[in-house]
Amino acid sequence: MTTDYKFEGWVGEDEKAAQGNMKWTEFEPKKWEETDIDIRITHSGICGSDIHVLRSGWGQAPYPVVVGHEIVGVAVRVGSQAEGDIKVGDIVGVGAQADACLNRNKDDDCVECSSGEENYCTSMRPTYSSKFIVTGDKTYGGYARYHRAQSHFVFRIPDGVKPEHAAPLLCGGVTVYSPLKHFGAGPGKKVGVVGVGGLGHFAVLFARALGADEVVGISRRESKRQEALDLGCTDYIATADEDDWSKKHMRSLDLIISTVSSPNMPFADYLGLLKRDGTLVQVGLPEAPIPLRFGSLVGARRRIAGSGIGSPAEIREMLQLAADKQVKPWVQTRPMSEANQAVVDFEAGKPRFRYVLTN
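So, how was this worked out
- Residues numbered from 1 in each chain as written.
- Predicted model: local features only at pLDDT ≥ 70, side-chain atom pairs only at ≥ 80, totals over all residues.
- Heavy atoms only, no water.
- Helix = DSSP H or I, 4+ residues; strand = E, 2+ residues; numbered from the N terminus.
- Rg over C-alpha atoms; globule rule 2.2 N^0.38 Å.
- Buried < 20%, exposed > 50% of the residue type's maximum accessible area, 1.4 Å probe, protein only.
- Contact = heavy atoms within 4.5 Å.
- Pairing = 2+ DSSP bridges.
- Core = buried A, V, L, I, M, F, W, Y, C linked by side-chain atoms within 4.5 Å.
- Axes fitted to C-alpha atoms, helices over the stretch in contact; angles between N-to-C directions.
- Patch = residues over 30% accessible without salt bridge, like charges linked within 9 Å, V, L, I, M, F, W, Y side chains within 5 Å.
- Areas by Shrake-Rupley, 256 points an atom, 1.4 Å probe, with all protein chains shown as cover.
- Salt bridge = Lys/Arg side-chain N within 4 Å of Asp/Glu carboxyl O.

Moving on, we come to the overall build of the chain. In terms of helices and strands, the chain carries ten helices and 17 strands. Relative to its length of 359 residues, the chain is compact, with a C-alpha radius of gyration of 20 Å against a globular reference of 21 Å. In terms of its C-alpha atoms, the chain occupies a principal-axis envelope of roughly 65 × 45 × 40 Å. Counting every position in the chain, which comprises 359 residues, the buried fraction comes to 56%. Once local pairs closer than 6 in sequence are excluded, the contacts in the chain between residues at least 24 apart make up 69%.

Structural data, given as structure tokens:
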């Protein structure tokens, strides 16, 4: 079957792409399989991961790359073996995962895929800068006109969730929703969110939606206090402007979600904010090691955990919660034609709190 559309997008050819030097050009999508879905992209969120990959911050990127893994659009081609009962014309989305082993071979015994935790499969493939397992074709992201995805990782967007809100939920939202749910951010709990920004503001919104009694925003400057309170925080800690903040708020939180990726963060002081048996979940990925004082752990039987994106089941659950609780991320839309400037503005910290590119 031939199509009357071309796969074109913003291609990063080297590290300079992160400085607003992507080039609009045609690229070759994965070979069509009857389990695939083609999507005409209407919205694509800008995520911090996009910048890390464009500049090879997490290791050498496999240029050329098309980034973007918060994709929403219209299904325009649906394979005969596609999963999910998705039909042409449906509003659908794709997050940060393109592939997993899915126990395709009879000799496979992947516990993660069997238990619905495909995001932790050892063969997990991200939506861009990787290769599909079966075809070996390169994965390309959503700063583009069209996207081809395996149907297993395509999600129908529920009624009541606007596409510009849905797009950043598919990576940024589920990256914090998953650990909040897994580690029990609900009634009776006091949750801290380190970094009230693009990723952290989702954590505030979902902690409240999950019923946490208190949500404390933690950021450097006092100037962000009102924004944090407007989001739904019940309290706020300004670590650069508040004297003795670590002592004042010591042992006050049950759970902390840390979204920041600076290797210079006061990690031990954050741990000190946890109650006995509290957990700090690190979801931001620094490009350099973070020093750790183990006394901060053993003194109160605290735990450090990590969490990566979310499973397909969690994404569906999160999207439905967003519809039911009317969770509305703070987004600013930018035309896809402005992607280069939007990336530069994103890196400068200008969005409040997420940019979404629109076709």
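Okay, back to it.
Considering the arrangement of structural elements, one finds Phe-27 in the loop between β2 (23–26) and β3 (36–45). Between the alpha carbons of Phe-27 and Lys-190 there is a distance of 47 Å; along the sequence they are 163 residues apart. In this view, Phe-27 contacts Phe-7, Glu-8, Gly-9, Val-66, Tyr-140, Ala-144 and Tyr-146; residues no more than four positions away in its chain are not counted.

Next up on the list: the pairing of strand β4 (residues 71–78). Across the eight residues of β4, six count as buried, placing the element largely inside the fold. Both β3 and β4 contribute to a ladder of seven bridges, which runs antiparallel. Looking across to β4, one finds that Arg-40 is bridged to Val-74. Where β4 and strand β5 (residues 91–94) come together, four bridges link them in antiparallel fashion.

Let us now look at the nonpolar core. Residues Leu-169, Leu-180, Phe-206, Met-318 and Leu-319 are the most contacted members of the largest nonpolar core, which totals 47 residues. Breaking this core down by element, the ones donating at least two residues are α3 (163–182), β10 (190–194), α4 (200–209), α5 (225–231), β12 (235–238), β13 (253–258) and α9 (312–325). A per-element tally of this core places α3 first, with eight residues. Those residues in contact with Met-318, other than ones at most four positions away along the chain, are Leu-169, Gly-173, Val-174, Tyr-177 and Phe-206. Judged by nonpolar contacts, the second largest core, of 39 residues, contains Ile-46, Ala-61, Tyr-128 and Ala-339.

Ordered by their spatial adjacency, six strands build an open sheet running β12-β11-β10-β13-β14-β15, and the pairing between neighbours is parallel. The outermost strands of the open sheet, each flanked by one partner alone, are β12 and β15 (303–306). In this sheet, adjacent strand axes meet at a mean angle of 20° when their direction is disregarded. Relative to β15, strand β14 (residues 274–282) runs parallel, the two sharing four bridges. Bridged to Gln-282 within β15 is Gly-306. Relative to β13, α3 is tilted by about 160°, and along the sheet it contacts β10, β13 and β14.

Before going further, it helps to examine a nonpolar patch on the surface. On the surface, a nonpolar cluster with roughly 270 Å² of combined accessible area is contributed by Leu-292, Phe-294 and Ile-304. For Phe-294, the location among the structural elements is in the loop between β14 and α8 (295–298).

Attention now goes to unusual backbone geometry. Glycine aside, residues mostly have negative phi, and peptide bonds are mostly found in the trans state. In the segment running from Tyr-63 into Pro-64, the intervening peptide bond is cis, with an omega of 0°. Note that Pro-64 resides in the loop between α1 (48–54) and β4. A cis amide bond links Arg-352 to the next residue, Phe-353, at an omega of 5°. You can see Phe-353 is positioned in the loop between α10 (339–347) and β17 (354–358).

As enumerated under the stated definition, the model contains 24 salt bridges in all. Put simply, Lys-6 and Glu-8 hold a salt bridge, and the shortest N to O gap is 3.6 Å. Notably, a salt bridge pairs Arg-225 with Glu-222, separated by 2.5 Å at the nearest N-O pair. Using a relative accessible area of 36% as the deciding quantity, one classes Glu-222 as partly exposed. Three or more residues joined by partner-sharing salt bridges are found here, namely Arg-334, Glu-338, Asp-345 and Lys-350.

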